[in-house]
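Structural overview
Take a look at the letters that make up each chain.
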Amino acid sequence: EAQVTQNPRYLITVTGKKLTVTCSQNMNHEYMSWYRQDPGLGLRQIYYSMNVEVTDKGDVPEGYKVSRKEKRNFPLILESPSPNQTSLYFCASSSTGVGEQYFGPGTRLTVT
Amino acid sequence: SQKIEQNSEALNIQEGKTATLTCNYTNYSPAYLQWYRQDPGRGPVFLLLIRENEKEKRKERLKVTFDTTLKQSLFHITASQPADSATYLCALGTDSWGKLQFGAGTQVVVTP
């Protein structure tokens, strides 16, 4: 089954404790993205990647890092999480830069 | 600054009627526009893509128009059904590298 998987689905952590949210897709897609979704603000793109080792900043990259060492994986790293990073995070992939995005199930992160 | 506006008020509509949603944008020159459906607690699901040189696209009961002069896209659900109840998001892309910006979405509630 074609899908985007994210882990963990739920995470509660404390300020400053480094964490990684994993994202993997099995569709051989070139493009992958990370978004955060907050009430009233909609989905905001954090980072996106056009291919292995090629990434670029979205609209809200501060406080986040990404890496794309393999085509199928695109982990999101929070080096020092803060409470304002409490949000619902989605990973997505697409076969082209303008094509439909396939979204993962989401990761709900709470930083206390 | 760039802005994407969708009606924040929920659209309540009777089964069988046509639901019409708007997506207005300012300070953008989008190359394409996409519409997604999102159910509570789940990732968005792609519905339609329309490019800047296209006026209208259809898919089953869905129709989207794109007016670059008015800086507006309209999304229509004809013969609406209770199963169409969800939040609908528009997203704009200005290049072919995967950078995408979303509106906050409009909730549609279809009552029998």
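1. A short note on the overall build of chain B
- Within chain B, the regular secondary structure consists of zero helices and eleven strands.
- Its helices and strands in sequence order give chain B the pattern β-β-β-β-β-β-β-β-β-β-β, from N to C terminus.
- The C-alpha radius of gyration computed for chain B amounts to 13 Å, which stays within 12% of the reference 13 Å derived for 112 residues, consistent with globular compactness.
- When burial is assessed residue by residue, chain B has 44% of its 112 residues classed as buried.
- When the accessible surface of chain B is split by element, carbon and sulfur atoms take 46% of a total near 5700 Å².

2. Looking at the interface of chain A and chain B
- If you look at the interface, chain A gives 23 residues, while chain B gives 22 residues.
- Around 1700 Å² of area is buried between chain A and chain B when both sides are counted, 53% of it from carbon and sulfur atoms.
- The largest share of the area that chain A buries against chain B comes from Leu43, Val98 and Phe103 of chain A, three residues that together contribute 30% of it.
- Run the count over chain A and chain B and you get one salt bridge.
- For Lys99 of chain B, the salt bridge identified is with Asp59 of chain A, shortest N-O distance 3.2 Å.
- Taken together, the connections running from chain A to chain B amount to ten residue pairs in polar contact (both at pLDDT 80 or more).
- Of all elements in the fold, only strand E4 (31–38) and strand E5 (42–51) of chain A reach the threshold of two or more residues within the side of chain A that touches chain B.
- A per-element tally of the side of chain A that touches chain B places E5 of chain A first, with five residues.

3. Description of unusual backbone geometry
- A cis geometry characterises the amide bond from Asn7 of chain A onward to Pro8 of chain A, with omega recorded as -5°.
- On the secondary structure map, Pro8 of chain A appears in the loop between strand E1 (4–7) and strand E2 (10–13).
- Despite not being glycine, Glu53 of chain A shows a phi value in the positive range, around 70°.
- Mapped onto the elements of the fold, Glu53 of chain A is located in the loop between E5 and strand E6 (54–57).
- Overall, Glu53 of chain A belongs to the exposed group, its relative accessible area being 61%.
- Its identity is not glycine, yet Glu60 of chain B carries a phi of approximately 55°, on the positive side.
- The class for Glu60 of chain B is exposed, based on a relative accessible area of 79%.

4. A short note on the state of the cysteines
- Applying the stated rule across the entire model yields two disulfides over all chains.
- Two residues, Cys23 of chain A and Cys91 of chain A, share a disulfide whose sulfurs are 1.8 Å apart. Taking the sign of the torsion about the S-S bond as the criterion, the disulfide between Cys23 of chain A and Cys91 of chain A, at about -70°, is left-handed. Within this pair, whereas Cys23 of chain A is found in strand E3 (residues 19–25), its partner Cys91 of chain A is found in strand E9 (residues 87–94), the two being separated by 68 residues in sequence. The same class applies to Cys23 of chain A as to Cys91 of chain A, namely buried.
- Each disulfide pairs two cysteine sulfurs, and for Cys23 of chain B the partner residue is Cys90 of chain B, the sulfurs being separated by 2.0 Å. Its S-S torsion of approximately 65° makes the covalent link between Cys23 of chain B and Cys90 of chain B right-handed. One end of the pair, Cys23 of chain B, is in strand E3 (residues 19–26); the other, Cys90 of chain B, is in strand E9 (residues 86–93), with 67 residues separating them in the sequence.

5. Observations regarding the layout of surface pockets
- Volume-wise, the largest pocket comes out at about 510 Å³.
- The wall of the largest pocket is formed by 26 residues, among which Gln37 and Pro39 of chain A together with Gln38, Thr87 and Ala104 of chain B lie closest to the centre.
- For the lining of the largest pocket, the secondary structure elements donating two or more residues are E4 and E9 of chain A together with E9 and strand E11 (106–111) of chain B.
- For the lining of the largest pocket, the element with the highest residue contribution is E11 of chain B, accounting for four residues.
- A class-by-class count of the residues in the lining of the largest pocket yields eight nonpolar, 14 polar and four charged.
- Taken together, 19 residues make up the lining of the second largest pocket; nearest its centre are Phe103 and Gly104 of chain A together with Arg42, Gly43 and Val45 of chain B.
- Per-class residue counts for the lining of the second largest pocket are nine nonpolar, six polar and four charged.

Reading guide: rules and limits
- Residues numbered from 1 in each chain as written.
- Chains lettered and ligands numbered in written order.
- Predicted model: local features only at pLDDT ≥ 70, side-chain atom pairs only at ≥ 80, totals over all residues.
- Heavy atoms only, no water.
- Helix = DSSP H or I, 4+ residues; strand = E, 2+ residues; numbered from the N terminus.
- Rg over C-alpha atoms; globule rule 2.2 N^0.38 Å.
- Buried < 20%, exposed > 50% of the residue type's maximum accessible area, 1.4 Å probe, protein only.
- Areas by Shrake-Rupley, 256 points an atom, 1.4 Å probe, with all protein chains shown as cover.
- Contact = heavy atoms within 4.5 Å.
- Buried area = accessible area lost by both parts, 1.4 Å probe.
- Salt bridge = Lys/Arg side-chain N within 4 Å of Asp/Glu carboxyl O.
- Polar contact = N/O pair within 3.5 Å; in protein donor to acceptor, adjacent residues only side chain to side chain.
- Disulfide = S-S within 2.5 Å.
- 1 Å grid on protein atoms, 1.4 Å probe; cavity = no way out; pocket = protein on both sides within 12 Å on 5 of 7 lines; lining within 4 Å.
- Points joined across faces, edges and corners; volume = space filled by probe spheres on them.
- Nonpolar A, V, L, I, M, F, W, Y, C, P; charged D, E, K, R; others polar.

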